[in-house]
Amino acid sequence: MPDTSPDPATAALAHDLRIACMRVARRVRFDAGNTIAPHHFSVLVRLSEQPRTLGELASIEQVSPPSMSRTVTQLTDLGYVDRSPDADDGRLVRLSLTDEGGAVVGRERALRDAWMAARLDGLSSADRGVLRQAAELLEGLLCGDVDRGEASREGTGTGEVR
């Protein structure tokens, strides 16, 4: 059976990128002065995209339905999420953001973006360009849009990850 492990340089890069991405994500989630728990924010962001069922949210967030039910109940109690019957299937409940929930998403995004902008502020234009390119490459890797031969220099979007 042939060895399918990456060469040592690729393996080292994979490790370094994974650790750096985890640290950045953790710092943004917990150090940006956020006003809402990270798992709550993640659900609100998903609902800002479109209304969803509890089962859809549990699947997207990779948690059990009972765990998602507790989270949704908390968000509903805070006035951030509305529950309504599904128009096509009365057995289903559609979850959607309230105006206040949408405002929370906007505030949290602004806090997180400001946190990151403060760290980018002291970088040179060249270094910011490298990070722009890295962000595009990482987004492409996550979406499967990166050509394995030569990565595109075009942007792949500005999708937000919680």
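The structure reproduced in this document is the subject of the present report. (Residues numbered from 1 in each chain as written. Predicted model: local features only at pLDDT ≥ 70, side-chain atom pairs only at ≥ 80, totals over all residues. Heavy atoms only, no water.)

Time to look at the side chain of E108. With respect to the helices and strands, E108 occurs in helix 5 (residues 99-120). Despite its burial, E108 pairs with no opposite charge, the nearest such side chain being R112 at 4.1 Å. Setting aside anything within four residues of it in sequence, one finds E108 in contact with N34, T35, I36 and F41. (Helix = DSSP H or I, 4+ residues; strand = E, 2+ residues; numbered from the N terminus. Buried < 20%, exposed > 50% of the residue type's maximum accessible area, 1.4 Å probe, protein only. Lys, Arg positive; Asp, Glu negative; His and termini not counted. Salt bridge = Lys/Arg side-chain N within 4 Å of Asp/Glu carboxyl O. Contact = heavy atoms within 4.5 Å.)

A separate point is helix 3 (residues 54-61). Of all the positions in helix 3, only L57, A58 and E61 are classed as buried. For helix 3, the angular spread of the buried residues around the axis is 100°, confining them to a single face. Tucked into the core, helix 3 has its buried residues touching helix 2 (38-49), helix 4 (65-77) and strand 2 (93-97). Just downstream of helix 3 lies Q62, where phi reads positive at about 60°. (Arc of directions from axis to C-beta.)

Quick look at the side chain of D86 now. In this fold, D86 is placed in the loop between strand 1 (81-85) and strand 2. Looking at D86, the relative accessible area reads 11%, which means it is buried. Of note is the side chain of D86, whose polar atom sits 2.7 Å from the side chain of R94. In contact with D86, not counting residues within four places along its chain, are L92 and R94. (Polar contact = N/O pair within 3.5 Å; in protein donor to acceptor, adjacent residues only side chain to side chain.)

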